[in-house]
Amino acid sequence: MKYSVDDFKSDQEVKWCPGCGDHAILASVQRAMPQICEELDYTKERFVFVSGIGCSSRFPYYMDTFGFHGIHGRAAAIATGMKVANPRLTIWQITGDGDALAIGGNHFIHAIRRNIDINMILFNNQIYGLTKGQYSPTSKLGKTTKTSPFGTVEHPFNPGALVLGARGTFFARSIDVEIKLTQDLMVESAKHNGTAVVEMLVNCIIFNDRTHAEFAEKLVRADRTIILKDGEPMIYGKNRDKGLIFEDNKIKSVTIGEKGISEKDLLVHNAKEENPGLHSMLIDMKWPELPVALGVIRSVEDKTYNNNVRDQVINAREHAQIKSVDELLRSGATWEVK
Amino acid sequence: MSHQVIDSKEAVIRFAGDSGDGMQLIGTLFADASALFGNDISTFPDYPSEIRAPQGTIAGVSGFQVNIGSGSVRTPGDFCDVLVAMNPAALKSNVKWAKPTATVIIDSDTINEKGLSRAGFKSDDIVEELNIGHLNVVFAPITTLTKESLKDCGIDSKAVLRSKNIFTLGICYYLFNRSSDSTIEYIDNKFKKLPQIAAANKKALRDGINYAANIQAIQNTYRVAPAIVEKGLYRYINGNQAVAWGLLAASEKSGLQLFCGSYPITPATSILEELSIRKDLGVKTLQCEDEIAGICTAIGAAYTGSLAVTTTSGPGLSLKSEALGLAMITELPLVLVDVQRAGPSTGIPTKTEQTDLNQALYGRNGEAPIAIIAAHSPSHCFDAAFYAAKYAVEHMMPVILLSEGFLGNGSEPWKIPSLSNYPDITPPIIEESEESPFQPYKRDPETLARKWALPGTVGLEHRVGGLEKNNNGSVSSDPLVHERMVKERAEKVARLSNYIPNQEVIGSESGELLVVGWGGTYGHLYTAVERLQNEGHSVSLAHFDYIFPLPKNSEELFGNFKKILVCELNSGHFVNYLRGEFPQFSYLQYNKIQGQPFIVQELVEAVEALL
């Protein structure tokens, strides 16, 4: 079935602040939906958007699909129940850095560990927006906020590192303003069987403006980020003259043509590599030492929890000795009173 | 000493030993044998929360009490006729449950310096120290006899010692003139692949029986005739199994897949275990990362069209509170099973109580009334779970089913019902909408239930969630919309009273005193009231299964008695709730908060004091 972008826009007024990065992500997701339906032969009624609490968690109201706005931190658990109960549905979890990594941290890692086939879009603005500006688990060390007037004294999480720690099978990253890249990542995420986490670096114009600006700003973005593509050499830069090599157990940035470096010396991205070692290094790259990695960083195949459960049930039913509750009640030790 | 056979209507046996001694097992095997013989039975496991507390100490003592009768048995019995104590600690902590005429069997090999000091005895004369000279104490060298019995079986000494309980069971079979056939069948089945162990256990059982027959120390043996019960096929069932099976029955009747999201917690865990075996009946179970995920996965499953269940005990109910509110405001069917235990906080996890009622009634933020049903006996857990599921699904709302550790672990014979005698369950699932766009909170005029529009259904896309909404499903913070929706949701729960049965009274419909109870105290209250009625007192019993809403005739019924005495295993949750519901009556109360069930005698005395 062919769909247009408008088929996925609900009649509800979008109530995010003007200039909020969430608008761009909504647009990217709505644009990706018709493409996903076409490429995977999905119909619209199979989509469920589920969220927790926070600015980004209003997202399901703006999609003309089935939607469930849950409670703080629990979207991963609600999404897990949906997918295990009905594996035919395509579940999209919308969450933020507070929702997924603070109050919902436990559900986040366990959904990933189980490899539930859901798509998690993690809106990371490094701040609590809906409660008006307190630090989050991804706020930079020393960040001054309403609850850290002297600066935070705790290290932030890197969401991708948590995904790898939980033996995640898919991790991708984009920036709110990268509408086309985000759209492509949504399609890749949909195609992945298993928990697909897409970290969206998003700007909160009111409480944490320009938090990602040093590499996300349009003028510098090409030189300070790298879009990884599976099977392609790691090249970046406005002039496509920079690349990444592996030397002294580290990833290093080099300039092609300098010091005898040519394109064939560069690392070639392999998102399908089971060993998470290099993926971990790519996820950890920070400007100014290295460009920030975008694109699909990891995408490996593994069995999903939901399919394993479904198969156990199918198998048990095929070999069932007991086929009804009446039979069950009469199984085992019974006695007749005459 | 002359041996006497006592014909008895009822006999109670209590097994007590270290938690590693296998008391729960032989208690169950003894109950099985008695049930197969045709006795009515009721059992009560009384065990510590530590899996293996230090050997030989009071803290490590695990008990299992069985009441067998030739008439209706409704409680595990107040005091026992036979007490089996596998060590001094077991004797010391359990002798208070022995009748003055009881026979006590103790493993005399354990009465040594170590055993005595661990149990805190000051001397080696335990009879004197416990002041139990009036009891028939049989000192049986069970450890030595078991070793001797199995010395040529070719099994190692650890396995030999593990068979002590089976030897002891043999002694008990002699005492109660029981057939050991069902136990032999159990042993053969359990050790199918270990024929040596099977042979050893069977020998220990036989030698236990023979030993008891040969010694002269046993003064009394007991004969309890089969009970005269309704014809039909029977089985033995515990409350947690009955909950699981009742939910399975509801799944079959409704045509909905059963989904259980849960987290292990004593004493509810075996419901999850039982459901996880039943993949052959299409059940999906999810052992979650925590209690909150247990209920949240169930809510997700409910949204997509499953009969969704989450199971827990007290502390878990606390953790699930916020999500219960979500299930309530999204108006999704959900059954929450709370097998209550002694609280607060971790409390005494393995002991029984009725102290979660206030939490079930009031324990949520905002206006969040949730229907509550209570199970009153192990086998009644089946019906209670079935109807909790039926009402949840048909009325599109969460229902809390309150069970108790006493019911979950206790067991009794059960006349197996046929599912054809249970009503249909009709989920309000819709395939298409009458209006466009679909209005998720449009209500049925009778029940006030909304329709269930499942993801995957063309044209029914809609959003629900924890934010207040208008009936058309759009988010609203309009003050009047909020008030209307709050009232509609409350009215929906209240209207359940149009669908539940009227409250029955055991005894006269009017009189001097009405005993009121709810939940797992039924057997004790029934037995006490029956005894009082036989003594000629004007006492009746109203035992409530439907807590919220209450049956419609409750008010009228209370008006027919001069006095009302509400008995419960808490500080007065139900009585205070009744005071709020029907303030025109005055209520007396009898409460016990010891982590133990009522004793029939104390109830009889409490009522007599008021007559």
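Being a predicted model, the structure only gives us computed values, none of them experimental.

### Describing the overall build of chain B
Part 1 of the reasoning: Within chain B one finds 22 helices and 22 strands.
Part 2 of the reasoning: Radius of gyration (C-alpha) of chain B: 26 Å, near the 25 Å computed for a compact globule of 611 residues.
Part 3 of the reasoning: For chain B, the spread of C-alpha atoms along the three principal axes comes to 85 × 60 × 50 Å.
Part 4 of the reasoning: Here chain B, with 611 residues, has 55% of them falling under the buried criterion.
Part 5 of the reasoning: Taking contacts inside chain B between residues at least 6 apart in sequence as the whole, the part at least 24 apart equals 76%.

### What to know about the overall build of chain A
Part 1 of the reasoning: Along its length, chain A carries eleven helices and twelve strands.
Part 2 of the reasoning: With respect to the principal axes defined by its C-alpha atoms, chain A has extents near 95 × 45 × 45 Å.
Part 3 of the reasoning: A total of 338 residues make up chain A; the buried ones form 48% of that total.
Part 4 of the reasoning: Sequence-distant contacts in chain A: of pairs separated by 6 or more residues, those separated by 24 or more amount to 66%.

### Some details on the nonpolar core
Across soluble globular proteins, nonpolar side chains have a tendency to be buried as a group.
Part 1 of the reasoning: Ranked by size, the top nonpolar core spans 259 residues in total, and within it B:I299, B:V335, B:I373, B:A388, B:A389, B:L401 and B:V515 carry the most contacts.
Part 2 of the reasoning: Looking at this core, the element that brings in the most residues is helix 16 (residues 380-395) of chain B, giving eleven residues.
Part 3 of the reasoning: When near neighbours in sequence (up to four residues on either side) are disregarded, B:A388 contacts B:V335, B:I373, B:V399 and B:L401.
Part 4 of the reasoning: In terms of nonpolar packing, the next biggest core, distinct from the first, is built from six residues, A:C20, A:Y135, A:C204 and A:F207 among them.

### A word on the environment of B:G347
All names here are of chain B.
Part 1 of the reasoning: By the element assignment, G347 lies in the loop between strand 13 (334-340) and helix 15 (357-362).
Part 2 of the reasoning: Since 17 C-beta atoms lie within 10 Å of it, G347 is described here as partly exposed.
Part 3 of the reasoning: Sequence separation between G347 and P315 is 32 residues; the distance between their C-alpha atoms is 9.3 Å.
Part 4 of the reasoning: Setting aside its immediate chain neighbours within four residues, G347 contacts R341 and A342.

### A closer look at the sheet that holds strand 2 (residues 10-18) of chain B
Residues and elements named next belong to chain B.
Part 1 of the reasoning: Ordered by their spatial adjacency, six strands build an open sheet running 3-4-2-5-6-7, and the pairing between neighbours is mixed. If you trace the sheet from one side to the other, it starts and ends with strand 3 (40-46) and strand 7 (136-140), each paired once. Averaged over all pairs of adjacent strands, the angle between strand axes in this sheet comes to 15 degrees, irrespective of strand direction.
Part 2 of the reasoning: Note: strand 6 (residues 98-107) against strand 7, five bridges, orientation parallel. Within strand 7, the residue paired with T103 across the bridge is N136.

### Quick look at the pairing of strand 5 (residues 170-175) of chain A
A regular strand places its side chains so that they alternate between the two faces of the sheet.
All names here are of chain A.
Part 1 of the reasoning: Across the six residues of strand 5, six count as buried, placing the element largely inside the fold.
Part 2 of the reasoning: Because side chains alternate across strand 5, one face comprises the buried residues F170, A172 and S174, and the other comprises F171, R173 and I175, equally buried.
Part 3 of the reasoning: Relative to strand 6 (residues 196-201), strand 5 runs parallel, the two being bridged by six bridges. Its bridge partner being in strand 6, F170 is matched across the sheet by A196.
Part 4 of the reasoning: What joins strand 5 to strand 6 is helix 6 (residues 179-191), and the crossover it makes is right-handed.

### Considering the domain arrangement of chain B
A common measure of how large an interface is: the accessible area buried when the components associate.
Residues and elements named next belong to chain B.
Part 1 of the reasoning: Domain boundaries in chain B define domain 1 (4-223), domain 2 (231-498) and domain 3 (511-608).
Part 2 of the reasoning: Here the C-alpha centre of domain 3 lies 36 Å away from the C-alpha centre of domain 1.
Part 3 of the reasoning: Across the boundary between the two partners, domain 1 contributes five residues, which contact eight residues of domain 3.
Part 4 of the reasoning: Broken down by class, the residue content of the side of domain 1 that touches domain 3 amounts to one nonpolar, two polar and two charged.

### Some points on helix 9 (residues 277-284) of chain A
Residue and element names in this part refer to chain A.
Part 1 of the reasoning: Restricting attention to buried positions, one finds in helix 9 the residues H279, L282 and I283. For helix 9, the buried positions fall inside an angular range of 100 degrees around the axis, keeping them on one side.
Part 2 of the reasoning: On its buried face, helix 9 sits against helix 5 (159-165), strand 5, strand 7 (225-228) and strand 11 (292-299).

### Focus: the packing of helix 1 (residues 23-37) of chain B against helix 8 (residues 181-190) of chain B
Residues and elements named next belong to chain B.
Part 1 of the reasoning: At a minimum axis distance of 8 Å, the contact between helix 1 and helix 8 shows a crossing angle of 130 degrees. Taken together, the axes of helix 1 and helix 8 are oblique relative to one another. In terms of crossing hand, the pair formed by helix 1 and helix 8 is right-handed. On helix 8, the residues touching L29, D32, A33 and L36 of helix 1 are S182, T183 and Y186.
Part 2 of the reasoning: The residue makeup of the contact of helix 1 with helix 8, split by class, is four nonpolar, two polar and one charged.

### Observations concerning the interface of chain A and chain B
Part 1 of the reasoning: Contacts between chain A and chain B engage 49 residues on the former and 57 residues on the latter.
Part 2 of the reasoning: If you list the elements that add at least two residues to the side of chain A that touches chain B, you get strand 2 (66-69), helix 2 (75-85), helix 4 (105-114), helix 10 (305-318), helix 11 (325-329) and strand 12 (334-337) of chain A.
Part 3 of the reasoning: Take the side of chain A that touches chain B: its biggest share by element is eight residues, from helix 2 of chain A.

### Looking at helix 14 (residues 321-329) of chain B
Two residues of an α-helix separated by three or four positions point the same way, owing to the 3.6 residues in each turn.
Residues and elements named next belong to chain B.
Part 1 of the reasoning: Of all the nine residues making up helix 14, seven are buried; the element is thus mostly covered by neighbouring parts of the structure.
Part 2 of the reasoning: When we look at burial in helix 14, the residues that qualify are A323, L324, G325, L326, A327, M328 and I329.
Part 3 of the reasoning: As for helix 14, its buried residues are in contact with helix 12 (291-303), strand 13, strand 15 (398-404) and helix 18 (479-494).
Part 4 of the reasoning: Just beyond helix 14, the residue with positive phi is E331, at close to 55 degrees.

### Side note on the sheet that holds strand 2 of chain A
Strand-to-strand pairing in sheets goes through backbone hydrogen bonds, with the strands running parallel or antiparallel.
Part 1 of the reasoning: The strand order across the open sheet built from nine strands is 7(A)-11(A)-5(A)-6(A)-4(A)-3(A)-1(A)-2(A)-17(B), with neighbouring strands paired in mixed fashion. Each end of this open sheet is capped by a strand with a single partner; those strands are strand 7 of chain A together with strand 17 (463-465) of chain B. Each adjacent strand pair in this sheet contributes to an overall mean axis angle of 20 degrees, direction not counted.
Part 2 of the reasoning: Packing against the sheet, helix 2 of chain A makes contact with strand 1 (47-51), strand 2, strand 3 (90-96) and strand 4 (118-124) of chain A, and its axis sits at approximately 175 degrees to strand 3 of chain A.
Part 3 of the reasoning: Helix 6 of chain A contacts strand 3, strand 4, strand 5, strand 6, strand 7 and strand 11 of chain A of the sheet and is inclined by roughly 165 degrees relative to strand 5 of chain A.

### Here we look at unusual backbone geometry
Part 1 of the reasoning: The amide bond that connects A:W287 to the next residue, A:P288, takes the cis arrangement and shows omega of 10 degrees.
Part 2 of the reasoning: Here the residue pair B:F548 and B:P549 is connected by a cis peptide bond, since its omega of 0 degrees sits within 30 degrees of zero.
Part 3 of the reasoning: Not every positive phi belongs to a glycine, and A:D41 is a case in point at roughly 60 degrees.
Part 4 of the reasoning: With respect to the helices and strands, the residue A:D41 is situated in the loop between helix 1 (22-40) and strand 1.

Rules used throughout
Residues numbered from 1 in each chain as written. Chains lettered and ligands numbered in written order. Predicted model: local features only at pLDDT ≥ 70, side-chain atom pairs only at ≥ 80, totals over all residues. Helix = DSSP H or I, 4+ residues; strand = E, 2+ residues; numbered from the N terminus. Rg over C-alpha atoms; globule rule 2.2 N^0.38 Å. Buried ≥ 20, exposed ≤ 12 C-beta atoms within 10 Å, placed from the backbone. Contact = placed C-beta atoms within 7 Å. Core = buried A, V, L, I, M, F, W, Y, C linked by C-beta atoms within 7 Å. Pairing = 2+ DSSP bridges. Axes fitted to C-alpha atoms, helices over the stretch in contact; angles between N-to-C directions. Right-handed = clockwise from strand over helix to strand, strands pointing away. Domains from an automatic or database assignment. Nonpolar A, V, L, I, M, F, W, Y, C, P; charged D, E, K, R; others polar. Arc of directions from axis to C-beta. Parallel < 35°, antiparallel > 145°, perpendicular 65-115°, else oblique. Left-handed = near helix turned anticlockwise from the far one by under 90°.

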